[in-house]
Amino acid sequence: MSNRKWTFILIPVLLLFGWLLFQFTLSSFQIHQFAEQLKAVSPKDRGSDTKVVLISQELDNYYWRSIEQGARKEAKQYGMRLDYIGPDRINPSEQIKLLDKAIASKADAILVQGINDPEYRRLINKAAGLGIPVITIDTDEPDSRRLAYVGTDNEGAGKQMGVLLAKASGEHGDIGVMISNERVENQRLRLAGFRSVISRYPNLHIVEIRSSNISRLQAAQQAQNMLTRYPQIRYMVGFSALDGLGILEASERRGAQNLQIFAFDDMAETLKAIKDRKIELTIVQQPEEMGAKAIKLLNDYLKGSHPQELTYTRVYEVHADTSDDKSGDDRR
Ligand code: BGC
(Lines give C-alpha, C1' and ligand atoms only; values in the text may rest on other atoms or scores of the structure.)
Protein backbone atom coordinates (compact mmCIF):
# COMPACT_ATOMS: atom_id res chain seq x y z
CA MET A 1 0.00 0.00 0.00
CA SER A 2 1.13 3.50 -0.71
CA ASN A 3 2.03 5.92 2.08
CA ARG A 4 -1.06 8.00 1.33
CA LYS A 5 -3.38 5.06 1.85
CA TRP A 6 -1.67 4.29 5.18
CA THR A 7 -2.18 7.87 6.27
CA PHE A 8 -5.92 7.63 5.48
CA ILE A 9 -6.22 4.50 7.61
CA LEU A 10 -4.01 5.70 10.50
CA ILE A 11 -5.64 9.11 11.03
CA PRO A 12 -9.11 7.73 11.97
CA VAL A 13 -7.50 5.01 14.09
CA LEU A 14 -5.48 7.62 15.98
CA LEU A 15 -8.54 9.86 16.33
CA LEU A 16 -10.57 6.95 17.68
CA PHE A 17 -7.79 6.06 20.10
CA GLY A 18 -7.53 9.66 21.27
CA TRP A 19 -11.30 9.83 21.81
CA LEU A 20 -11.30 6.58 23.77
CA LEU A 21 -8.42 7.82 25.91
CA PHE A 22 -10.28 11.06 26.60
CA GLN A 23 -13.46 9.17 27.58
CA PHE A 24 -11.48 6.88 29.84
CA THR A 25 -9.76 9.78 31.61
CA LEU A 26 -13.06 11.59 31.96
CA SER A 27 -14.86 8.66 33.54
CA SER A 28 -11.92 7.91 35.90
CA PHE A 29 -12.11 11.52 37.01
CA GLN A 30 -15.87 11.29 37.51
CA ILE A 31 -15.53 8.04 39.50
CA HIS A 32 -12.87 9.66 41.67
CA GLN A 33 -15.11 12.65 42.32
CA PHE A 34 -18.05 10.42 43.15
CA ALA A 35 -15.91 8.41 45.60
CA GLU A 36 -14.77 11.63 47.28
CA GLN A 37 -18.38 12.73 47.65
CA LEU A 38 -19.28 9.38 49.18
CA LYS A 39 -16.38 9.70 51.61
CA ALA A 40 -17.66 13.10 52.64
CA VAL A 41 -21.18 11.91 53.35
CA SER A 42 -20.26 8.74 55.12
CA PRO A 43 -21.09 8.19 57.90
CA LYS A 44 -21.93 11.79 58.83
CA ASP A 45 -25.05 12.21 56.76
CA ARG A 46 -26.45 8.92 57.79
CA GLY A 47 -28.14 10.98 60.51
CA SER A 48 -29.85 8.80 63.06
CA ASP A 49 -27.88 5.86 61.67
CA THR A 50 -24.79 7.27 63.36
CA LYS A 51 -24.43 5.32 66.56
CA VAL A 52 -22.21 6.84 69.24
CA VAL A 53 -21.33 4.81 72.32
CA LEU A 54 -20.39 6.67 75.50
CA ILE A 55 -18.64 4.50 78.11
CA SER A 56 -18.62 6.00 81.60
CA GLN A 57 -16.41 5.29 84.59
CA GLU A 58 -19.48 4.47 86.69
CA LEU A 59 -22.99 4.29 85.31
CA ASP A 60 -25.00 6.22 87.87
CA ASN A 61 -22.36 8.64 89.06
CA TYR A 62 -23.80 12.17 88.94
CA TYR A 63 -20.73 13.48 87.12
CA TRP A 64 -21.02 10.89 84.33
CA ARG A 65 -24.75 11.40 84.09
CA SER A 66 -23.97 15.10 83.48
CA ILE A 67 -21.57 14.17 80.68
CA GLU A 68 -24.31 11.94 79.25
CA GLN A 69 -26.85 14.76 79.44
CA GLY A 70 -24.60 17.15 77.54
CA ALA A 71 -23.76 14.53 74.93
CA ARG A 72 -27.38 13.48 74.50
CA LYS A 73 -28.67 17.01 73.93
CA GLU A 74 -25.99 17.70 71.34
CA ALA A 75 -26.40 14.31 69.62
CA LYS A 76 -30.12 14.99 69.23
CA GLN A 77 -29.34 18.10 67.21
CA TYR A 78 -27.37 16.08 64.67
CA GLY A 79 -29.81 13.18 64.65
CA MET A 80 -27.20 10.86 66.16
CA ARG A 81 -28.08 7.96 68.41
CA LEU A 82 -26.28 7.87 71.75
CA ASP A 83 -25.86 4.67 73.76
CA TYR A 84 -24.72 5.36 77.32
CA ILE A 85 -23.12 2.40 79.11
CA GLY A 86 -20.69 1.79 81.99
CA PRO A 87 -19.85 -0.42 84.97
CA ASP A 88 -22.24 -0.35 87.95
CA ARG A 89 -19.29 0.39 90.21
CA ILE A 90 -15.88 1.78 89.21
CA ASN A 91 -14.09 -1.07 87.42
CA PRO A 92 -11.41 -0.41 84.79
CA SER A 93 -11.43 -4.04 83.48
CA GLU A 94 -15.13 -3.63 82.80
CA GLN A 95 -14.41 -0.40 80.89
CA ILE A 96 -11.97 -2.38 78.72
CA LYS A 97 -14.57 -5.08 78.06
CA LEU A 98 -17.21 -2.50 77.19
CA LEU A 99 -14.87 -0.82 74.73
CA ASP A 100 -14.21 -4.18 73.08
CA LYS A 101 -17.97 -4.79 72.85
CA ALA A 102 -18.62 -1.33 71.42
CA ILE A 103 -16.10 -2.00 68.65
CA ALA A 104 -17.65 -5.42 67.96
CA SER A 105 -21.11 -3.87 67.82
CA LYS A 106 -19.85 -1.67 64.97
CA ALA A 107 -20.38 1.66 66.70
CA ASP A 108 -19.71 4.60 64.39
CA ALA A 109 -17.86 6.48 67.13
CA ILE A 110 -16.94 5.91 70.76
CA LEU A 111 -16.41 8.30 73.69
CA VAL A 112 -14.32 6.91 76.54
CA GLN A 113 -12.53 7.96 79.70
CA GLY A 114 -8.76 7.42 79.48
CA ILE A 115 -7.57 4.80 81.99
CA ASN A 116 -3.86 4.58 81.12
CA ASP A 117 -3.83 0.88 80.26
CA PRO A 118 -1.97 -0.90 77.42
CA GLU A 119 -4.86 -3.23 76.53
CA TYR A 120 -7.21 -0.27 76.43
CA ARG A 121 -4.82 1.60 74.15
CA ARG A 122 -4.61 -1.45 71.90
CA LEU A 123 -8.41 -1.42 71.59
CA ILE A 124 -8.52 2.32 70.90
CA ASN A 125 -5.93 1.78 68.18
CA LYS A 126 -7.91 -1.15 66.82
CA ALA A 127 -11.02 1.04 66.61
CA ALA A 128 -9.06 3.77 64.84
CA GLY A 129 -7.73 1.17 62.40
CA LEU A 130 -11.31 0.14 61.64
CA GLY A 131 -12.26 3.76 61.00
CA ILE A 132 -14.17 4.18 64.28
CA PRO A 133 -13.15 7.53 65.79
CA VAL A 134 -12.56 7.41 69.55
CA ILE A 135 -12.65 10.59 71.62
CA THR A 136 -11.38 10.60 75.19
CA ILE A 137 -13.40 12.54 77.69
CA ASP A 138 -12.67 13.62 81.31
CA THR A 139 -9.27 11.87 81.19
CA ASP A 140 -6.99 11.53 78.21
CA GLU A 141 -5.23 8.43 76.81
CA PRO A 142 -2.45 10.36 75.07
CA ASP A 143 -0.35 7.48 73.72
CA SER A 144 -3.21 5.97 71.79
CA ARG A 145 -4.70 6.75 68.39
CA ARG A 146 -7.66 8.53 69.94
CA LEU A 147 -8.89 11.31 67.73
CA ALA A 148 -8.97 14.00 70.41
CA TYR A 149 -9.38 14.73 74.12
CA VAL A 150 -12.13 16.87 75.60
CA GLY A 151 -11.98 17.66 79.32
CA THR A 152 -10.20 19.39 82.16
CA ASP A 153 -6.49 20.06 82.13
CA ASN A 154 -6.16 17.80 85.15
CA GLU A 155 -2.63 18.70 86.10
CA GLY A 156 -3.51 22.40 85.81
CA ALA A 157 -6.55 21.88 88.05
CA GLY A 158 -4.33 20.17 90.65
CA LYS A 159 -1.96 23.14 90.55
CA GLN A 160 -4.88 25.52 90.96
CA MET A 161 -5.95 23.58 94.06
CA GLY A 162 -2.40 23.84 95.40
CA VAL A 163 -2.36 27.60 94.95
CA LEU A 164 -5.78 27.99 96.63
CA LEU A 165 -4.82 25.83 99.57
CA ALA A 166 -1.47 27.54 100.04
CA LYS A 167 -3.26 30.89 100.14
CA ALA A 168 -6.03 29.76 102.52
CA SER A 169 -3.58 28.10 104.90
CA GLY A 170 -1.13 30.97 105.10
CA GLU A 171 1.38 28.49 103.62
CA HIS A 172 1.48 26.45 106.78
CA GLY A 173 -0.01 23.17 108.07
CA ASP A 174 -0.60 19.44 107.56
CA ILE A 175 -2.71 18.22 104.67
CA GLY A 176 -4.65 14.99 104.10
CA VAL A 177 -5.53 14.10 100.52
CA MET A 178 -8.34 11.92 99.20
CA ILE A 179 -8.12 10.67 95.62
CA SER A 180 -10.44 8.25 93.90
CA ASN A 181 -7.59 5.86 93.17
CA GLU A 182 -3.89 6.20 92.41
CA ARG A 183 -4.38 4.17 89.22
CA VAL A 184 -6.96 6.64 87.90
CA GLU A 185 -5.05 8.90 85.56
CA ASN A 186 -6.90 12.18 86.21
CA GLN A 187 -6.28 11.71 89.94
CA ARG A 188 -2.60 11.00 89.38
CA LEU A 189 -2.35 14.19 87.31
CA ARG A 190 -4.30 16.35 89.77
CA LEU A 191 -2.13 15.05 92.59
CA ALA A 192 1.07 15.69 90.62
CA GLY A 193 -0.03 19.28 89.92
CA PHE A 194 -1.03 19.79 93.55
CA ARG A 195 2.25 18.36 94.86
CA SER A 196 4.30 20.54 92.52
CA VAL A 197 2.78 23.63 94.16
CA ILE A 198 2.71 22.42 97.78
CA SER A 199 6.37 21.34 97.60
CA ARG A 200 7.33 25.01 97.16
CA TYR A 201 6.25 25.72 100.72
CA PRO A 202 8.50 24.23 103.42
CA ASN A 203 5.80 24.48 106.09
CA LEU A 204 3.04 22.76 104.15
CA HIS A 205 3.08 18.95 104.34
CA ILE A 206 0.99 16.25 102.71
CA VAL A 207 0.89 13.70 105.54
CA GLU A 208 -1.39 11.07 104.01
CA ILE A 209 -3.08 10.13 100.73
CA ARG A 210 -6.02 7.72 100.70
CA SER A 211 -8.45 6.31 98.12
CA SER A 212 -12.21 6.63 98.01
CA ASN A 213 -12.83 4.71 94.78
CA ILE A 214 -15.28 7.50 93.88
CA SER A 215 -17.54 6.36 96.74
CA ARG A 216 -18.77 8.86 99.29
CA LEU A 217 -19.01 6.11 101.90
CA GLN A 218 -15.41 5.05 101.38
CA ALA A 219 -14.28 8.67 101.37
CA ALA A 220 -15.96 9.12 104.78
CA GLN A 221 -14.35 5.97 106.18
CA GLN A 222 -10.91 6.79 104.85
CA ALA A 223 -11.10 10.40 106.03
CA GLN A 224 -12.06 9.21 109.48
CA ASN A 225 -9.09 6.82 109.57
CA MET A 226 -6.83 9.60 108.42
CA LEU A 227 -8.05 11.99 111.11
CA THR A 228 -7.68 9.33 113.80
CA ARG A 229 -4.12 8.66 112.74
CA TYR A 230 -3.14 12.29 112.16
CA PRO A 231 -5.34 14.48 114.37
CA GLN A 232 -3.12 17.46 113.54
CA ILE A 233 -4.42 17.55 109.93
CA ARG A 234 -5.83 21.03 109.29
CA TYR A 235 -6.63 20.77 105.59
CA MET A 236 -8.25 18.00 103.58
CA VAL A 237 -8.54 17.91 99.82
CA GLY A 238 -10.85 15.64 97.83
CA PHE A 239 -9.87 15.19 94.20
CA SER A 240 -13.03 13.55 92.87
CA ALA A 241 -16.66 14.61 92.98
CA LEU A 242 -17.86 12.81 96.11
CA ASP A 243 -14.72 13.05 98.23
CA GLY A 244 -15.41 16.47 99.73
CA LEU A 245 -18.80 15.34 101.02
CA GLY A 246 -17.31 12.12 102.43
CA ILE A 247 -14.64 14.13 104.23
CA LEU A 248 -17.31 16.45 105.62
CA GLU A 249 -19.24 13.46 106.96
CA ALA A 250 -16.13 12.15 108.73
CA SER A 251 -15.27 15.54 110.10
CA GLU A 252 -18.79 16.02 111.53
CA ARG A 253 -18.77 12.53 113.00
CA ARG A 254 -15.52 13.26 114.77
CA GLY A 255 -16.60 16.75 115.72
CA ALA A 256 -13.35 17.96 114.17
CA GLN A 257 -12.71 21.62 114.83
CA ASN A 258 -10.65 23.80 112.53
CA LEU A 259 -10.60 21.39 109.62
CA GLN A 260 -10.83 23.09 106.25
CA ILE A 261 -12.16 21.01 103.35
CA PHE A 262 -11.35 21.61 99.68
CA ALA A 263 -13.52 19.78 97.17
CA PHE A 264 -13.99 19.08 93.48
CA ASP A 265 -17.09 19.52 91.30
CA ASP A 266 -20.48 21.05 91.96
CA MET A 267 -22.92 18.54 93.34
CA ALA A 268 -25.82 20.46 94.90
CA GLU A 269 -24.84 19.23 98.37
CA THR A 270 -21.28 20.44 97.91
CA LEU A 271 -22.51 23.90 96.93
CA LYS A 272 -24.83 23.96 99.91
CA ALA A 273 -22.00 22.95 102.27
CA ILE A 274 -19.94 25.82 100.85
CA LYS A 275 -22.75 28.29 101.45
CA ASP A 276 -23.03 26.98 105.00
CA ARG A 277 -19.25 27.42 105.30
CA LYS A 278 -18.70 23.73 106.03
CA ILE A 279 -16.60 23.24 102.91
CA GLU A 280 -14.05 25.91 102.11
CA LEU A 281 -14.23 25.83 98.32
CA THR A 282 -14.63 23.60 95.30
CA ILE A 283 -13.03 23.47 91.88
CA VAL A 284 -15.85 23.05 89.41
CA GLN A 285 -15.43 21.13 86.16
CA GLN A 286 -17.81 21.20 83.19
CA PRO A 287 -19.00 17.62 82.61
CA GLU A 288 -22.07 18.63 80.61
CA GLU A 289 -20.00 20.84 78.37
CA MET A 290 -17.48 18.00 77.91
CA GLY A 291 -20.24 15.73 76.61
CA ALA A 292 -21.63 18.38 74.29
CA LYS A 293 -18.24 19.47 72.94
CA ALA A 294 -17.13 15.90 72.29
CA ILE A 295 -20.24 15.26 70.17
CA LYS A 296 -19.86 18.53 68.30
CA LEU A 297 -16.25 17.75 67.56
CA LEU A 298 -17.26 14.32 66.35
CA ASN A 299 -19.91 15.76 64.08
CA ASP A 300 -17.39 18.24 62.62
CA TYR A 301 -14.94 15.40 62.08
CA LEU A 302 -17.51 13.27 60.31
CA LYS A 303 -18.23 16.25 58.08
CA GLY A 304 -14.60 16.31 57.05
CA SER A 305 -12.82 18.80 59.31
CA HIS A 306 -9.86 17.72 61.40
CA PRO A 307 -10.26 18.48 65.13
CA GLN A 308 -7.60 19.97 67.35
CA GLU A 309 -6.06 17.33 69.57
CA LEU A 310 -6.82 18.87 72.95
CA THR A 311 -9.95 20.76 73.98
CA TYR A 312 -9.65 21.85 77.59
CA THR A 313 -12.93 22.74 79.21
CA ARG A 314 -12.73 25.49 81.82
CA VAL A 315 -12.69 25.05 85.58
CA TYR A 316 -13.58 27.67 88.12
CA GLU A 317 -13.58 27.86 91.88
CA VAL A 318 -16.60 28.42 94.06
CA HIS A 319 -16.19 29.51 97.66
CA ALA A 320 -18.64 30.98 100.16
CA ASP A 321 -18.31 34.49 98.78
CA THR A 322 -18.81 33.48 95.14
CA SER A 323 -21.32 30.65 95.58
CA ASP A 324 -24.21 32.91 94.60
CA ASP A 325 -22.44 33.86 91.40
CA LYS A 326 -21.09 30.82 89.63
CA SER A 327 -20.38 32.85 86.55
CA GLY A 328 -18.18 35.26 88.49
CA ASP A 329 -14.55 36.22 88.10
CA ASP A 330 -13.22 32.89 89.17
CA ARG A 331 -13.65 31.20 85.83
CA ARG A 332 -10.47 30.67 83.95
C1 BGC B 1 -13.64 13.13 88.02
C2 BGC B 1 -14.27 11.95 87.35
C3 BGC B 1 -14.93 11.05 88.34
C4 BGC B 1 -15.86 11.80 89.25
C5 BGC B 1 -16.32 10.82 90.31
C6 BGC B 1 -14.64 13.82 88.93
O7 BGC B 1 -13.97 14.81 89.65
O8 BGC B 1 -13.19 14.04 87.05
O9 BGC B 1 -13.28 11.22 86.66
O10 BGC B 1 -15.63 10.01 87.70
O11 BGC B 1 -15.20 12.90 89.83
O12 BGC B 1 -17.29 11.21 91.12
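Here the structure is a predicted model, which means the values were calculated and not measured.

Focus on the domain arrangement of the protein chain
- Along its sequence, the protein chain is carved into domain 1 (47-151 + 287-313) and domain 2 (154-284).
- Distance between the C-alpha centres of domain 1 and domain 2: 29 Å.
- Contacts between the two partners involve 13 residues from domain 1, matched on the other side by 15 residues from domain 2.
- Note on domain 1 versus domain 2: buried area summed over both sides is about 1,100 Å², and carbon and sulfur give 52% of it.
- Where domain 1 touches domain 2, the interface holds zero salt bridges.
- Taken together, the connections running from domain 1 to domain 2 amount to seven residue pairs in polar contact (both at pLDDT 80 or more).
- Broken down by class, the residue content of the side of domain 1 that touches domain 2 amounts to five nonpolar, five polar and three charged.

Observations concerning the site of the ligand
- The environment of the ligand is made up of 13 residues, and the closest members are Gln 57, Asp 138, Asn 186, Arg 190 and Asp 265.
- Taking Asn 186, its side chain carries an N or O atom lying 2.8 Å from an oxygen atom of the ligand.
- Asp 265 has a polar side-chain atom sitting 2.5 Å from an oxygen atom of the ligand.
- When the ligand sits alone it has 310 Å² of accessible area, and the protein chains cover 99% of it.
- Taken together, the elements giving at least two residues each to the shell around the ligand come down to helix 2 (62-77) and helix 6 (185-198).

Some words on the packing of aromatic side chains
- Scanning the model with the defined rule gives five aromatic pairs in all.
- Arranged with centres 5.4 Å apart and planes meeting at 75 degrees, the rings of Phe 194 and Phe 239 form a pair that is edge-to-face. Within this pair, whereas Phe 194 is found in helix 6, its partner Phe 239 is found in the loop between strand 8 (235-238) and helix 8 (243-254), the two being separated by 45 residues in sequence.
- With relative accessibility at 0%, the residue Phe 194 sits in the buried group.
- In this structure Phe 239 comes out as buried when scored by relative accessible area, which is 0%.
- Feature note: the residues Phe 194, Phe 239 and Phe 264 constitute an aromatic cluster, connected by ring pairs.

Some thoughts on the packing of helix 2 against helix 10 (residues 287-302)
- One way to put it is that helix 2 packs onto helix 10 with a least axis distance of 6 Å and a crossing angle of 35 degrees. Where helix 2 crosses over helix 10, the two elements pack in a sense that is right-handed. For the pair helix 2 and helix 10, the contacting residues are Tyr 63, Ser 66, Ile 67, Gln 69, Gly 70, Ala 71, Lys 73, Glu 74 and Ala 75 in the first and Pro 287, Glu 288, Met 290, Gly 291, Ala 292, Ile 295 and Lys 296 in the second.
- Its residues assigned to classes, the contact of helix 2 with helix 10 shows eight nonpolar, four polar and four charged.

Some points on the packing of helix 7 (residues 216-229) against helix 8
- Following both chains from N to C, one finds helix 7 and helix 8 inclined at 50 degrees, their axes separated by 7 Å at the closest point. Classified by the angle between their axes, helix 7 and helix 8 sit oblique to one another. Considering the relative orientation of helix 7 and helix 8, their crossing is right-handed. The segment helix 7 lies against helix 8, with Arg 216, Ala 219, Ala 220, Ala 223, Gln 224, Leu 227 and Thr 228 engaging Asp 243, Leu 245, Gly 246, Ile 247, Glu 249, Ala 250, Ser 251, Arg 253 and Arg 254.

What to know about the sheet that holds strand 7 (residues 204-211)
- Spatial strand order, 7-6-8-9-10-12: six strands in an open sheet with mixed pairing. Looking at strand neighbours, the two that pair on one side only are strand 7 and strand 12 (316-319), the edges of this open sheet. The mean inter-strand angle of the sheet, taken between neighbouring strand axes irrespective of direction, is 20 degrees.
- In this sheet, strand 9 (residues 260-264) lies alongside strand 8 in parallel orientation, the contact comprising three bridges. When the sheet's bridge partners are listed, Tyr 235 is paired in strand 9 with Gln 260.
- Strand contacts of helix 5 (residues 154-169): strand 6 (173-179), strand 7, strand 8, strand 9, strand 10 (281-284) and strand 12, with the helix running at about 160 degrees to strand 9, the strand carrying the most contacts.
- Packed on one face of the sheet, helix 9 (residues 268-275) meets strand 9, strand 10 and strand 12 and runs near 145 degrees to strand 10.

Rules used throughout
- Residues numbered from 1 in each chain as written.
- Predicted model: local features only at pLDDT ≥ 70, side-chain atom pairs only at ≥ 80, totals over all residues.
- Heavy atoms only, no water.
- Domains from an automatic or database assignment.
- Contact = heavy atoms within 4.5 Å.
- Buried area = accessible area lost by both parts, 1.4 Å probe.
- Salt bridge = Lys/Arg side-chain N within 4 Å of Asp/Glu carboxyl O.
- Polar contact = N/O pair within 3.5 Å; in protein donor to acceptor, adjacent residues only side chain to side chain.
- Nonpolar A, V, L, I, M, F, W, Y, C, P; charged D, E, K, R; others polar.
- Near = heavy atom within 4 Å.
- Areas by Shrake-Rupley, 256 points an atom, 1.4 Å probe, with all protein chains shown as cover.
- Helix = DSSP H or I, 4+ residues; strand = E, 2+ residues; numbered from the N terminus.
- Phe/Tyr/Trp six-rings, centres within 6.5 Å; stacked < 30°, edge-to-face > 60°.
- Buried < 20%, exposed > 50% of the residue type's maximum accessible area, 1.4 Å probe, protein only.
- Axes fitted to C-alpha atoms, helices over the stretch in contact; angles between N-to-C directions.
- Left-handed = near helix turned anticlockwise from the far one by under 90°.
- Parallel < 35°, antiparallel > 145°, perpendicular 65-115°, else oblique.
- Pairing = 2+ DSSP bridges.

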